[in-house]
Amino acid sequence: MLVVNGAVAGVLEHGDGMGMLTARRTAEGIVVEILDVAGRLTHDHLAGADHLDLTSPRGVGLGSIKRLCDEIRLERTSLGSLLTLQVRRRPDLAGLPRQRFTHHDGRHAHRAG
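Residues numbered from 1 in each chain as written. Predicted model: local features only at pLDDT ≥ 70, side-chain atom pairs only at ≥ 80, totals over all residues. Heavy atoms only, no water.

(A) Structural context of the overall build of the protein chain. When you go through the protein chain residue by residue, the secondary structure sums to 3 helices and 6 strands. N-terminal to C-terminal, the α/β element order of the protein chain is α-β-β-α-α-β-β-β-β. In the protein chain, which comprises 113 residues, the proportion classed as buried is 22%. Restricting the contact set of the protein chain to residue pairs at least 6 apart, pairs at least 24 apart contribute 45%. When the accessible surface of the protein chain is summed, it comes to about 8,400 Å², and 56% of that surface belongs to carbon and sulfur atoms. (Helix = DSSP H or I, 4+ residues; strand = E, 2+ residues; numbered from the N terminus. Buried < 20%, exposed > 50% of the residue type's maximum accessible area, 1.4 Å probe, protein only. Contact = heavy atoms within 4.5 Å. Areas by Shrake-Rupley, 256 points an atom, 1.4 Å probe, with all protein chains shown as cover.)

(B) Layout of the nonpolar core. Counting 12 residues, the largest nonpolar core consists of V3, A7, V11, V32, I34, L41, L46, I65, C69, L74, L83 and L85. When contributions to this core are tallied by element, the ones reaching two or more residues are α1 (2-14), β2 (29-36) and β4 (80-88). Take this core: its biggest share by element is 3 residues, from α1. Not counting residues within four places of it along the chain, the set of residues in contact with L85 comprises V3, A7, I30, V31, V32, I34, I65, C69, E71 and I72. (Core = buried A, V, L, I, M, F, W, Y, C linked by side-chain atoms within 4.5 Å.)

(C) Fine view of the side chain of T84. Tracing the sequence through the fold places T84 in strand β4. A relative accessible area of 3% places T84 in the buried class. Discounting residues that sit within four places of it in the chain, T84 has contacts with V31, V32, E33, E71, I72, R73 and E75.

(D) Fine view of the environment of I72. Its place among the elements puts I72 in strand β3 (residues 71-77). C-alpha of I72 to C-alpha of V32: the two residues are 40 residues apart in sequence and 9.8 Å apart in space. When neighbours within four sequence positions are excluded, I72 is seen to be in contact with L46, I65, K66, L83, T84 and L85.

(E) Quick look at the pattern of salt bridges. Under the defined criterion, the tally for this structure stands at 3 salt bridges. As a salt-bridge pair, R73 and E71 come within 2.6 Å of each other at their nearest N and O atoms. On the accessibility criterion, R73 (37% relative accessible area) is partly exposed. A relative accessible area of 26% places E71 in the partly exposed class. A salt bridge links E71 to R88, with the shortest nitrogen-to-oxygen separation between them at 4.0 Å. Taken together, the residues span a long stretch of sequence, with E71 in strand β3 and R88 in strand β4 at a distance of 17 residues. Judged by its relative accessible area of 39%, R88 is partly exposed. (Salt bridge = Lys/Arg side-chain N within 4 Å of Asp/Glu carboxyl O.)

Dropping the structure here:
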């Protein structure tokens, strides 16, 4: 959700406010395609996101996207710039044993797990 929100916000802010979003689940994970109809998103934007200035309010979105996605592709099409983001499925953690911990609230000890 964070990745999609950041990408869509960027298209709305830097494009002409027109775009299209497609998301689908695959056997490998989730693929999201964001079409920037204005075609203003370029490879230079993606390359510039490697050098984040965290004190600046600009550019944090693409930097986050690059760090969270497993694969990013940018294509120029006849319809605009097409940004494809893939996040691969992570191992299922539900089957792992739960860790036990004790919480003391000053009066009682509570055991979870």
